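# Working through the structure, step by step
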Amino acid sequence: MSIQTFCIAHKSVEVPLSSACTVIWLGSGDAPRGGAQRCIRAGEIAPELETWHPFLGGSAGTFAIESLLRESGTGWSAADQVSILQYRKFVAPKAIGTKSTNYPGMYLVAADALRDVAVDALQNSVPAPYLLSQPVQLGNLYAQYASNHRAPDLLRYTAIAVELGIMTWQMSAEFFATSLFVPGGVEMGVYPIPVFLDVVEKMRRVSFEFLRSHRPVSSEPGQLRALAFCNERLGNYFLMRALISSAGKVEPSFGFLHTVSEGDVYTPG
């Protein structure tokens, strides 16, 4: 069993990485070169990922990872795992730093506190096939999304999932009523590669179909990445279904979501 580690970045990486990690670059300008890590620009894998990055956010990197894993399918087995970090976010089996006062379940850790920590090695040290962030209670997924983002985007996204046969209408009702949420969904943590590919394919198909005919309803910087927020929720939904279907056979490990930041207030970025 082996683990393939990726870090999605659009800014300078603040999380310590090993040389075995591959960086997926989403930022403007040339991808950083010269570091110990292999660095690939998402647009080199699929040009549309660069074009649609403003709407997809970090999901553009997730789709790039999916493509790389599918292209190297003979390089891994069904027992292997994929580990995903972002330039300043990661999941670890123990809490480090200070609990965020405005983001449930997240810990904020100063860069200096990670100086001697190999984060991806820490993340990959868990023997379970999954390492996920602690679930949080949303109450109701649709209500929570609509109160923080733009409801028409999630409604349109879900309608496309039903049209494509990715969800039945019964599943869409269950999706909207979801109360338990793993931050990051299937895009932040450690997952069996087959599960990751299955869920991400669903997210990619819905996202690309959405972008062929639509755009998010708001151009505000915090809302333009609507598909990233929708993907996180769809990824969570299908991740939960995968966990339920393997209950009794596979035990996930739940760790803690971290962001490299000072203080105790989480600031998106």
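Coordinates for the structure precede this section.
Let me begin by describing the structure that accompanies this report.

### Remarks on the pairing of strand β5 (residues 89–92)
Along β5, one buried face is formed by Lys89 and Val91 and the opposite face, lined by Phe90 and Ala92, is buried too. With four bridges connecting them, β5 and strand β12 (residues 253–260) associate as antiparallel partners. Across the sheet, the residue bridging to lysine 89 is threonine 259, located in β12.

### As for the environment of alanine 121
Topologically, alanine 121 is positioned in helix α5 (residues 119–123). Of the residues examined, alanine 121 reaches a relative accessible area of 43% and is grouped as partly exposed. With 29 residues separating them along the chain, alanine 121 and alanine 92 place their C-alpha atoms 9.5 Å apart.

### Describing the side chain of glutamine 81
By the element assignment, glutamine 81 lies in strand β4 (residues 81–86). Judged by its relative accessible area of 2%, glutamine 81 falls in the buried class. Separated by 3.1 Å, the side chain of glutamine 81 and the backbone oxygen of alanine 128 make a polar contact. In this structure, glutamine 81 is in contact with Met1, Ser2, Ile3, Gln4, Ala128, Pro129, Tyr130, Val190, Tyr191, Pro192 and Ile193, ignoring residues within four places of it in sequence.

### Let's talk about the nonpolar core
Note that soluble globular proteins tend to have their nonpolar side chains buried in a common cluster. Ranked by internal contacts, the top residues of the largest apolar core, which has 61 residues, are Leu49, Leu56, Ile65, Leu69, Val82 and Phe196. Ranked by size, the runner-up nonpolar core spans 19 residues in total, among them Ala31, Cys39, Phe90 and Leu122.

### Details of the state of the cysteines
Here the structure, examined in full by the defined rule, presents zero disulfides. Free cysteine cysteine 21: the closest other cysteine sulfur is in cysteine 7, separated by 5.3 Å. With a relative accessible area of 1%, cysteine 21 lands in the buried category.

### As for the pairing of β12
Burial analysis of β12 places six of its eight residues in the buried class, which makes it a mostly covered element. Of the pairings in the sheet, the one linking strand β7 (residues 106–109) to β12 comprises four bridges and is parallel in character. In the strand pairing of β12, methionine 106 is matched with leucine 257. Where strand β8 (residues 131–133) lies against β12, three bridges are found, and the strand directions are parallel.

### Structural notes on the packing of helix α9 (residues 193–213) against helix α10 (residues 226–245)
At a closest axis distance of 10 Å, the pairing of α9 and α10 adopts a crossing angle of 145°. Here the hand of the crossing between α9 and α10 comes out right-handed. Here Val195, Val199, Lys202, Met203, Val206, Ser207, Phe210 and Leu211 of α9 come into contact with α10, specifically with Leu227, Asn231, Leu234, Gly235, Phe238, Leu239 and Ala242. For the contact of α9 with α10, the class distribution of residues is 11 nonpolar, three polar and one charged.

Cut-offs applied
Residues numbered from 1 in each chain as written. Predicted model: local features only at pLDDT ≥ 70, side-chain atom pairs only at ≥ 80, totals over all residues. Heavy atoms only, no water. Buried < 20%, exposed > 50% of the residue type's maximum accessible area, 1.4 Å probe, protein only. Helix = DSSP H or I, 4+ residues; strand = E, 2+ residues; numbered from the N terminus. Pairing = 2+ DSSP bridges. Polar contact = N/O pair within 3.5 Å; in protein donor to acceptor, adjacent residues only side chain to side chain. Contact = heavy atoms within 4.5 Å. Core = buried A, V, L, I, M, F, W, Y, C linked by side-chain atoms within 4.5 Å. Disulfide = S-S within 2.5 Å. Axes fitted to C-alpha atoms, helices over the stretch in contact; angles between N-to-C directions. Left-handed = near helix turned anticlockwise from the far one by under 90°. Nonpolar A, V, L, I, M, F, W, Y, C, P; charged D, E, K, R; others polar.

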